[in-house]
Amino acid sequence: MNIKKFALASLAVAGLIFLGCKAGQSYGENEIGLRKSTLFNEDAKIERIDYSGKAAGESELIERAFENAPPMISHNVEDMLPITKENNSCTSCHLPGVAEAVAATPMPKSHFYNFRDNVDMKENMDETRFNCVICHATQVSATPLVENKFTPDFRKENGNIKSNLLDVINEGVN
Ligand code: HEC
Ligand code: HEC
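Since the structure is predicted, the reported quantities are computational estimates derived from the model, not experimental observations.

**Student:** Help me out: how do you make sense of the site of ligand 2 in this one?
**Tutor:** What surrounds ligand 2 is a group of 26 residues, the closest being S110, H111, C132, C135 and H136. Between ligand 2 and R64 there is a distance of 3.2 Å, counted from an oxygen atom to a side-chain nitrogen or oxygen. H136 places a side-chain nitrogen or oxygen 2.8 Å from a nitrogen atom of ligand 2. Of the residues belonging to the shell around ligand 2, the class tally is 12 nonpolar, 11 polar and three charged.

Next comes the structure, spelled out in structure tokens:
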């Protein structure tokens, strides 16, 4: 598509959106967010947080959402959060070496690699991995607010239960 045609098409789409908004109903500030309450303060919560999962060592692993997705935390995290500079209980079980002894999944090779400077950190965890829960989600029994129809495709047979990001990260890159 040349630039002129693209500009015309964009105008048409913008026009349709404009008309659509005018014809449809308007929404109040209480209806826009998932919380269904005012967006102007932080008092409302979506749902009571209740980490009712089983204790570490007793839980069942949850299948990965897609290839190399960060696995969900299958166990309770009571008394493990917040992670602070002085205290990170996650590493006390998940660092390779310890993990095997407590039957936890060891942290993968990607967590011991500095992607910014391209440095293999060997047995030292890269500091960007310190706060596990920015990527690994705790579990709550709650009905999803929005239905999700995504179904993942795994290229490797065990891709739904194993990670290997560091081995495949350069696939397709020349
Ligand atoms: C007392 C040891 C212990 C602590 C502390 C711990 N875990 Fe675990 N974790 C386990 C064990 C054992 C499993 C395997 C499932 C089971 O047996 O419950 C596991 C499973 C997991 C999994 C799923 C891995 C997979 O392959 O699907 C993730 C993710 C995880 N833990 C993250 C964390 C995070 C993040 C923290 C800190 C908030 C944490 N764990 C603290 C022992 C622990
Ligand atoms: C920046 C996001 C991020 C942070 C922070 C992070 N992880 Fe991960 N983690 C991932 C992703 C993505 C994967 C899966 C892909 C991979 O790296 O191989 C993963 C995989 C894992 C696995 C599964 C390993 C396997 O062999 O299947 C474990 C266990 C794990 N992480 C534990 C931790 C713990 C414990 C921490 C904190 C000390 C942590 N992670 C911090 C993103 C993160």
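Having seen it, we continue.
**Student:** Explain the site of ligand 1 here, please?
**Tutor:** Near ligand 1 there are 24 residues, and of these S59, H75, C90, C93 and H94 occur at the shortest range. G57 has a polar backbone atom sitting 2.8 Å from an oxygen atom of ligand 1. Separating a nitrogen atom of ligand 1 from a side-chain N or O atom of H94 is a distance of 2.7 Å. Ranked by the residues each element gives to the shell around ligand 1, the list is headed by helix 3 (residues 89-94), at four residues. Of the residues in the shell around ligand 1, the class split is 14 nonpolar, eight polar and two charged.

**Student:** Is there a simple way to think about the coordination of the iron atom of ligand 1 in this case?
**Tutor:** The expected angle between donors at a tetrahedral four-coordinate metal is 109.5 degrees. At an octahedral six-coordinate metal it is 90 or 180 degrees. At this site the iron atom of ligand 1 is bound by H75 (NE2) and H94 (NE2), with donor distances of 2.0 to 2.1 Å. Taken together, the six donor atoms coordinating the iron atom of ligand 1 span angles of 85 to 177° at the metal, a pattern that classifies the geometry as octahedral. Within this pair, whereas H75 is found in the loop between helix 2 (29-32) and helix 3, its partner H94 is found in helix 3, the two being separated by 19 residues in sequence. A relative accessible area of 16% places H75 in the buried class.

**Student:** What is the right way to look at the packing of aromatic side chains in this model?
**Tutor:** Aromatic rings considered in pairs are described by the distance between their centres and by the relative angle of their planes. Summed over all chains, the structure comprises one aromatic pair. With a centroid separation of 5.2 Å and an interplanar angle of 55°, the aromatic rings of Y113 and F115 are classed as tilted.

**Student:** Looking at this model, I keep getting lost on the environment of H111. Mind explaining?
**Tutor:** As for its position among the elements, H111 is in the loop between helix 4 (99-102) and strand 1 (113-114). Along the chain, H111 and N124 lie 13 residues apart, while their C-alpha atoms are 8.8 Å from each other.

Reading the values: rules and limits
Residues numbered from 1 in each chain as written. Chains lettered and ligands numbered in written order. Predicted model: local features only at pLDDT ≥ 70, side-chain atom pairs only at ≥ 80, totals over all residues. Heavy atoms only, no water. Near = heavy atom within 4 Å. Polar contact = N/O pair within 3.5 Å; in protein donor to acceptor, adjacent residues only side chain to side chain. Nonpolar A, V, L, I, M, F, W, Y, C, P; charged D, E, K, R; others polar. Helix = DSSP H or I, 4+ residues; strand = E, 2+ residues; numbered from the N terminus. Donors = N, O, S within 2.8 Å, 3.2 Å for Na, K, Ca; no water. Tetrahedral: all angles 85-135°; square planar, octahedral: opposite > 155°, others 65-115°. Buried < 20%, exposed > 50% of the residue type's maximum accessible area, 1.4 Å probe, protein only. Phe/Tyr/Trp six-rings, centres within 6.5 Å; stacked < 30°, edge-to-face > 60°.

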